[in-house]
Amino acid sequence: MKALKIFTIMLAIILLGCQPVEIPNDTQKPGVEEPQESYYVKVAQDFSDWSGDYIITYTSGSSVLVLSSYSDTKGYGVEIGSKLTSQGIHSNDGDQYKAVVEKSGNGYTINVSGIGYIGLESAKNSVNMTTTTPSSDNYRWVFSYKDGGSVWIRNLSISNYRLQWNASANIFRCYTGSQKELTIYRRGISTGSTTGGSNA
């Protein structure tokens, strides 16, 4: 009787072409790569191409004053030092102050969120702006990283002037070197350090 039952089952498998069925495991889901978060990371090197998204700051210790507004040939800063972590400054906190740097001619244009394109129209302690795409070298800049962590943002047309922070007047303007040097942060994927990063 038992042998007949086994024979019947085997015959059914042969006739019906049954195949073993793998029962899906609902707990196994396709691997989904976690999205990487973007941070503004302190620039700690020169770049062959400076194009990218930045925030322009004067940084001293835990204080980070970011270029955020403009009026009457002066750039003004707002304190965001509390947003600086070991990763950098999260894009959620930095994007509203973003300075878009794009290659243009022999330099770069700088288009700051909420301000416009910044430039220097004459050789004096000042900074100018326009909301239209500039074509003049007065609105183009040259970037260079310096030992100690600062970045010089030098005007292409009036090359002895660069963007600096005036701590006495609490303003960003162009000077010939008499004021505080700037620290800039580049948007990218943080590597966990405020002095580096993989740019995105």
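The structure this text deals with has already been given above.
Residues numbered from 1 in each chain as written. Predicted model: local features only at pLDDT ≥ 70, side-chain atom pairs only at ≥ 80, totals over all residues. Heavy atoms only, no water.

**Structural notes on the overall build of the protein chain**
Along the backbone of the protein chain there are 2 helices and 16 strands. Across the 200 residues that make up the protein chain, the buried fraction comes to 37%. Look at the contacts in the protein chain between residues 6 or more apart in sequence, and 55% of them connect residues 24 or more apart. Of the accessible surface of the protein chain, which amounts to about 11400 Å², a share of 50% is contributed by carbon and sulfur atoms. (Helix = DSSP H or I, 4+ residues; strand = E, 2+ residues; numbered from the N terminus. Buried < 20%, exposed > 50% of the residue type's maximum accessible area, 1.4 Å probe, protein only. Contact = heavy atoms within 4.5 Å. Areas by Shrake-Rupley, 256 points an atom, 1.4 Å probe, with all protein chains shown as cover.)

**Some words on unusual backbone geometry**
Of note, Asp-72 is a non-glycine position whose phi angle comes to about 50°, a positive value. Its place among the elements puts Asp-72 in the loop between strand S3 (63-71) and strand S4 (74-79). Even without glycine at this site, Thr-73 takes up a positive phi of about 65°. Within the fold, Thr-73 resides in the loop between S3 and S4. The class of Thr-73 is partly exposed, set by a relative accessible area of 21%.

**Considering the packing of aromatic side chains**
Counted under the stated rule, the structure contains 7 aromatic pairs. Considering the side-chain rings of Tyr-54 and Phe-143, the 6.3 Å spacing of their centres and the 20° angle between planes classify their relative orientation as stacked. On the criterion of sequence distance, the pair formed by Tyr-54 in strand S2 (residues 52-60) and Phe-143 in strand S11 (residues 141-145) is long-range, its members being 89 residues apart. An aromatic cluster is defined as three or more aromatic residues linked by ring pairs; in this entry it consists of Phe-47, Trp-50, Tyr-54, Tyr-108 and Phe-143. Over the face of the ring belonging to Tyr-108 we find Lys-103, whose NZ or CZ atom lies 4.8 Å from the ring centre. (Phe/Tyr/Trp six-rings, centres within 6.5 Å; stacked < 30°, edge-to-face > 60°. Lys NZ or Arg CZ within 6 Å of the ring centre and 35° of its normal.)

**Digging into the pairing of strand S7 (residues 99-104)**
Where S2 and S7 come together, 3 bridges link them in antiparallel fashion. In the strand pairing of S7, Asp-53 is matched with Val-100. Of the pairings in the sheet, the one linking S7 to strand S8 (residues 107-112) comprises 6 bridges and is antiparallel in character. Bridge assignment links Ala-99 to a residue of S8, and that residue is Val-112. As consecutive antiparallel partners, S7 and S8 are separated by 2 residues, and within that stretch Gly-105 has a phi angle of approximately 60°, a positive value. (Pairing = 2+ DSSP bridges.)

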